[in-house]
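An overview of the molecular structure
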Amino acid sequence: MRAIFDNSYARLPDRFYVRQDPVPVRAPKLVKLNDGLARELGLDPDALASPDGVAVLAGNAVPAGAEPLAQAYAGHQFGGFVPQLGDGRAVLLGEVIDRAGRRRDIQLKGSGRTPFSRMGDGRAWLGPVMREYIVSEAMHALGIPTTRALAAVTTGEDVIREAVLPGAVLTRVAESHIRVGTFQFFAARRDTEGLKTLTEHAIARHYPDADGPLALLDRVVAAQARLIAQWMGVGFIHGVMNTDNMSIAGETIDYGPCAFMDGYHPDTVYSSIDLHGRYAYARQADVGAWNIAQFASCLVPLIDPDQDTAIERASEALHRFPAAFRAAWLAVFRPKIGLAAEEEGDADLIHALLDLMAAERADFTNTFRALAGGAARGAFRDVDAFDLWAERWTARLAREADGQAAQTARMRAANPAVIPRNHRVEEAIQAGLGGDYAPFERLVSTLAQPFDDQPENSGLRAPPKPDQEVRQTFCGT
Ligand code: AMP
Ligand code: MG
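Residues numbered from 1 in each chain as written. Chains lettered and ligands numbered in written order. Predicted model: local features only at pLDDT ≥ 70, side-chain atom pairs only at ≥ 80, totals over all residues. Heavy atoms only, no water.

**Section: the nonpolar core**
- Core analysis: the biggest nonpolar cluster contains 99 residues, and Phe-183, Ile-248, Phe-333, Ile-337 and Trp-389 have the highest contact counts within it.
- In terms of residue count, helix α7 (residues 213-233) provides more of this core than any other element does, twelve residues in total.
- Two domains each put at least three residues into this core: domain 1 (9-174) and domain 2 (180-329). (Core = buried A, V, L, I, M, F, W, Y, C linked by side-chain atoms within 4.5 Å. Buried < 20%, exposed > 50% of the residue type's maximum accessible area, 1.4 Å probe, protein only. Helix = DSSP H or I, 4+ residues; strand = E, 2+ residues; numbered from the N terminus. Domains from an automatic or database assignment.)

Dropping the structure here:
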């Protein structure tokens, strides 16, 4: 891989990371290369797909200019604080400046043990690697900030989980891998110098016009409020919103037991480890606020020399989250029902539809998509209830400045036709395990144009039949 690296994280003090090369694997084989993303990064897709390129993507060769390291971080996992987590199965190869001048992290995930591996083997298996590839690229095509997938390779080695499974490595591309948990790592050690250095680094990298820690906090509040609203707009449930899985850059990161809902209900949970619904669909904004409160408390020593003043300022910033989220949520959901103008009663109108959907577990994606085609009525058993709602809706649409064509266009641009449904992701993984990547390829290419009808792939739009339904998703670690 001929890339021009400029590794700003590797220039931070030693205690921010441990230098660590990826651990070589037996027989690397390319499963999928993201040609478009490679070009965006200024990399040559053909070179990446060659044996030398695949060696890099598998961790068997370290490209010139890379300075591999495992990042240190901490985090609240399901509310319990763990003072040291860190990259236990990933290494950051380095940073490249892409063709648009953006700095991007290139990370190998599943690249072997590091000093942060604890009891783990440092590896990943093919299932979660395919899953992250499919879902993160779908997210990007849906217009939602996310880490990207540059490549997936198999290692030719076994990984032992509940069964013996094929090992794999994902090459992940991100604005950065700085998490709320990275700040917590230094705060827990009362390392104010480290916090200050990290804050300056994060500002320079992600919010260069923010003038200090309080402004950084404000930006993260805004970015996360918007991100979570966008997730909700496509029925996405992250599943493990631990503070180590919340990016300061505001990208969706760490696709574990995440899922897109089929039938809508606000309490929906898929993750097998989320026993109490902490990270249920409709709880995500509250959890986001909770995570940002942890971030704010890390910044307190930097905000003002007087602790009371610092806490007051941080709390004010934090208290802006609910309003920021409400505004972002409306900005996401208004166009989903064709609205551009803002009226007082819009949130009620949207919630009334969601309540009807929840009562029948109407399919989230298809019901919204059907609004534009005038076919949503067919999604409901209680047609009378829908008709009553539709009367309110029609009256509200009539107060828009533009006409039906514009409203329809708005809905089609806000309501995807296709999302990565769990049963399709599962099907693609199962086929992949058997050596057949055709369903994976078809899913990835269809999901690259999620707002197009693509009648040839209409099967991917159908909700699961009862026997196809996936009720639980797993971390896969
Ligand atoms: P995650 O659930 O992916 O957010 O990971 C939480 C923590 O566990 C991180 O510190 C990971 O690096 C670590 N971890 C997860 N799986 C493994 C594994 N197979 N080997 C070593 N560390 C792991
Ligand atoms: Mg994580």
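**Concerning the packing of aromatic side chains**
- Per the counting criterion, the structure on display carries 21 aromatic pairs.
- Geometrically, the ring pair formed by Trp-389 and Trp-393 is stacked, given 5.2 Å between the ring centres and 20 degrees between the ring planes. Here Trp-389 and its partner Trp-393 are both found in helix α13 (residues 383-397), four residues apart, which amounts to about one turn of the helix.
- Judged by its relative accessible area of 3%, Trp-389 is buried.
- Feature note: the residues Tyr-264, Tyr-281, Trp-329, Phe-333, Phe-364 and Phe-368 constitute an aromatic cluster, connected by ring pairs.
- Over the ring of Tyr-73 we find Arg-179, and its NZ or CZ is 4.3 Å from the ring centre.
- A cation over an aromatic ring shows up here: Arg-189 above the ring of Phe-185, its NZ or CZ 3.7 Å from the ring centre. (Phe/Tyr/Trp six-rings, centres within 6.5 Å; stacked < 30°, edge-to-face > 60°. Lys NZ or Arg CZ within 6 Å of the ring centre and 35° of its normal.)

**Points about the coordination of the magnesium ion (ligand 2)**
- Every protein donor of the magnesium ion (ligand 2) is listed here as Asn-245 (OD1) and Asp-254 (OD), and their distances to the metal cover 2.0 to 2.1 Å. Here Asn-245 and Asp-254 have matching classes, each one buried. (Donors = N, O, S within 2.8 Å, 3.2 Å for Na, K, Ca; no water.)

**What about helix α5 (residues 180-188)?**
- Counting buried positions along α5 gives seven out of nine residues, so the element sits mostly inside the fold.
- Packed against the buried residues of α5 are β4 (75-77), β5 (80-82), α6 (192-206), α7 and α8 (284-303).
- Downstream of α5 by one or two residues, Arg-190 has phi in the positive range, about 50 degrees. (Contact = heavy atoms within 4.5 Å.)

**A short note on the side chain of Glu-400**
- Its location among the elements puts Glu-400 in the loop between α13 and α14 (404-414).
- A residue is classified by how much of its surface remains accessible, and Glu-400, at 7% relative accessible area, is buried.
- A polar atom in the side chain of Glu-400 sits 3.1 Å from the backbone nitrogen of Ala-340.
- At a separation of 3.1 Å, a polar atom in the side chain of Glu-400 contacts the main-chain amide nitrogen of Ala-341.
- If we skip the residues at most four places from it in the chain, Glu-400 touches Leu-339, Ala-340, Ala-341, Gln-407 and Arg-410. (Polar contact = N/O pair within 3.5 Å; in protein donor to acceptor, adjacent residues only side chain to side chain.)

**So, the domain arrangement of the chain**
- Annotation of the chain at the domain level lists domain 1 (9-174) and domain 2 (180-329).
- Using only C-alpha atoms to locate each centre, domain 1 and domain 2 end up separated by 23 Å.
- Facing 35 residues of domain 1, the contacting portion of domain 2 comprises 39 residues.
- Overall, the association of domain 1 and domain 2 removes approximately 3000 Å² of surface from exposure, summing both partners, and the carbon and sulfur fraction of that is 60%. (Buried area = accessible area lost by both parts, 1.4 Å probe.)

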